[in-house]
Amino acid sequence: MTELLPSVLVETNEQPDAAIIWLHGLGSDGHDFESLVPALSLLPTLKVRFVFPHAPRRPVTVNGGMEMRAWYDIYEMTLERKVDMENIDESCLQVEQLIQDQIDKGIAPNRIILAGFSQGGVIAYQTALRTKHVLAGILELSTYLVNGDEAPEADVCPNGKTPILIHHGLQDPVVAPVLATQARDLLVSKGYSVAYQSYDMPHSVCPEQVQDISHWLNARLA
C-alpha cells in the first residue's frame, strides 16, 4: 500500500463517527474548501471529520505543461475532455485508500460522503461508481463524468441507491453546464438516485448553494 495522500483535517466534534472526503479542483489544494466548513452549519450533534486531500503535483498539458496539483492531466479543453485515464485510475486508488483509512479509524462506510469540485468531482464520480463500499452520499460540484457509458448499471453497483447531488453554475465557462446535465441524464438512465440543482454563477460556489449543501449534508448524516 502506498502512502496516504497528505490531507487537511477538520473535525466538528471529538470522536467523529462520520467523514466527508472533499476533493479540490485543478491547481488548488486541500485548503481550498477548508474555510467553508463553518458556513455549512452542520447540526451541532454531528461528529464529522472533513478530509481535504492534496492532489499530487503533475504537468498539465492544457496549461502549457506547467506543474501543479492535479488529479489527472487534461490534453484538450473540448466538450469531450481528452484526459489521462491512467492518472484518473491512480487518483481513484488514492481516494479509495482515504476511504479505507476512515473505515480503519472506526467510521462506517455508510457514514462517509464523497464530494468533489471540478477535477475532484471527476474522481469522486469514478471512485463512487466503482468502490465496494456503500457510501452515505456523493456530492458533485461544477464537474463532469468521464466515460459515463462504462459506468455500471445501478442494480449492480454498491452505490446504486446512494443519493447523488449534482450542482452546477449556469454561467460556468470552464465546465460547460451541458456536461452536468449529460452526467445527470446518463446516471438517471442507469437507475441511480440523482438530484440536480443549477445556480446563476460561474465556475465557483455561491451562498445559496452552500445553504443547499448544508441541508443535504445534515439530512444524509443526521
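Residues numbered from 1 in each chain as written. Predicted model: local features only at pLDDT ≥ 70, side-chain atom pairs only at ≥ 80, totals over all residues. Heavy atoms only, no water.

1. Topic: the overall build of the protein
Phase 1 of the analysis: When you go through the protein residue by residue, the secondary structure sums to four helices and nine strands.
Phase 2 of the analysis: From first element to last, N terminus to C terminus, the protein shows the α and β order β-β-β-β-β-α-β-α-β-β-α-β-α.
Phase 3 of the analysis: Here the C-alpha atoms of the protein give a radius of gyration of 16 Å, agreeing with the 17 Å that 2.2 N^0.38 yields for 222 residues.
Phase 4 of the analysis: In terms of overall dimensions, the protein has C-alpha extents of about 45 × 35 × 35 Å along its principal axes.
Phase 5 of the analysis: Across the 222 residues of the protein, 53% fall into the buried class. (Helix = DSSP H or I, 4+ residues; strand = E, 2+ residues; numbered from the N terminus. Rg over C-alpha atoms; globule rule 2.2 N^0.38 Å. Buried < 20%, exposed > 50% of the residue type's maximum accessible area, 1.4 Å probe, protein only.)

2. Re the sheet that holds strand β7 (residues 137-141)
By way of backbone hydrogen bonds, the strands of a sheet pair with one another, either parallel or antiparallel.
Phase 1 of the analysis: Overall, mixed pairing links the seven strands, which are arranged β1-β3-β2-β6-β7-β8-β9 in an open sheet. This sheet does not close on itself; its edge strands, each paired only once, are β1 (7-11) and β9 (194-199). Along the sheet, successive strands turn relative to each other by an average axial angle of 15°, direction set aside.
Phase 2 of the analysis: Where strand β8 (residues 164-169) meets β9, six bridges bridge the pair, whose relative direction is parallel. Within the sheet, the bridge partner assigned to Ile 166 lies in β9 and is Tyr 196.
Phase 3 of the analysis: Strand contacts of helix α1 (residues 85-104): β1, β2 (18-23), β3 (48-53) and β6 (112-117), with the helix running at about 165° to β2, the strand carrying the most contacts. (Pairing = 2+ DSSP bridges. Axes fitted to C-alpha atoms, helices over the stretch in contact; angles between N-to-C directions. Contact = heavy atoms within 4.5 Å.)

3. Topic: the state of the cysteines
Phase 1 of the analysis: Enumeration according to the criterion identifies zero disulfides in this entry.
Phase 2 of the analysis: With no disulfide of its own, Cys 92 lies closest to Cys 157 among cysteine sulfurs, the gap being 13 Å.
Phase 3 of the analysis: Accessibility expressed as a relative area gives 8% for Cys 157, which makes it buried. (Disulfide = S-S within 2.5 Å.)

4. As for unusual backbone geometry
Phase 1 of the analysis: One non-glycine residue, Ser 118, lies in positive phi territory at about 55°.
Phase 2 of the analysis: For Ser 118, the position within the fold is in the loop between β6 and α2 (119-128).
Phase 3 of the analysis: Given a relative accessible area of 8%, Ser 118 falls into the buried group.
Phase 4 of the analysis: Phi angles above zero are rare outside glycine, and Asn 147 is one such case at about 50°.
Phase 5 of the analysis: By secondary structure assignment, the location of Asn 147 is in the loop between β7 and β8.

5. Let's talk about the packing of aromatic side chains
Phase 1 of the analysis: Following the criterion strictly, the structure yields four aromatic pairs and no others.
Phase 2 of the analysis: Where Trp 22 meets Phe 52, the ring centres are 6.2 Å apart and the plane angle is 45°; that geometry is what we call tilted. Of this pair, Trp 22 sits in strand β2 while Phe 52 sits in strand β3, and the two are 30 residues apart along the sequence. Across this residue pair, the class does not change: Trp 22 and Phe 52 are buried.
Phase 3 of the analysis: Ring pairing ties together the aromatic residues Trp 22, Phe 33, Phe 50, Phe 52 and Phe 117, which thus form one cluster. (Phe/Tyr/Trp six-rings, centres within 6.5 Å; stacked < 30°, edge-to-face > 60°.)

6. Topic: α1
Phase 1 of the analysis: Helix length check: α1, at 20 residues, gives a terminal C-alpha distance of 28 Å against a target of 28 Å (1.5 Å per residue), a fit within 8%.
Phase 2 of the analysis: All buried positions along α1 are accounted for by Asn 87, Ile 88, Ser 91, Cys 92, Gln 94, Val 95, Gln 97, Leu 98, Ile 99, Asp 101 and Gln 102.
Phase 3 of the analysis: Along its buried surface, α1 packs onto β1, β2, β3, β4 (57-60), β6 and α2.
Phase 4 of the analysis: Where α1 starts, the residue carrying a side-chain oxygen 3.0 Å from the main-chain nitrogen of Glu 86 turns out to be Asp 84. (Expected span 1.5 Å × (residues − 1). Polar contact = N/O pair within 3.5 Å; in protein donor to acceptor, adjacent residues only side chain to side chain.)

7. A look at the nonpolar core
Generally speaking, a soluble globular protein has its nonpolar side chains buried in company with each other.
Phase 1 of the analysis: Ranked by size, the top nonpolar core spans 41 residues in total, and within it Ile 21, Tyr 72, Ile 88, Ile 123 and Tyr 144 carry the most contacts.
Phase 2 of the analysis: Among the secondary structure elements, those contributing two or more residues to this core are β2, α1, β6, α2, β8 and α3 (177-189).
Phase 3 of the analysis: With residues up to four places along the chain from it excluded, the contact list for Ile 123 reads Leu 23, Trp 71, Tyr 72, Ile 88, Ser 91, Cys 92 and Val 95.
Phase 4 of the analysis: Counting 26 residues, the second largest nonpolar core, distinct from the first, contains Val 8, Ala 18, Leu 46 and Ile 113. (Core = buried A, V, L, I, M, F, W, Y, C linked by side-chain atoms within 4.5 Å.)

8. What to know about the pattern of salt bridges
Pairing is possible between side chains of opposite charge, provided their charged atoms come close.
Phase 1 of the analysis: Applying the stated criterion across every chain yields a total of seven salt bridges.
Phase 2 of the analysis: Its salt-bridge partner being Arg 111, residue Asp 17 comes within 3.3 Å of it at the nearest N-O pair. Remark: Arg 111 occurs in the loop between α1 and β6 and Asp 17 occurs in the loop between β1 and β2; sequence separation between them is 94 residues.
Phase 3 of the analysis: Between Arg 58 and Glu 90 there is a salt bridge, with the nearest N and O atoms lying 3.9 Å from each other. Of this pair, Arg 58 sits in strand β4 while Glu 90 sits in helix α1, and the two are 32 residues apart along the sequence. (Salt bridge = Lys/Arg side-chain N within 4 Å of Asp/Glu carboxyl O.)

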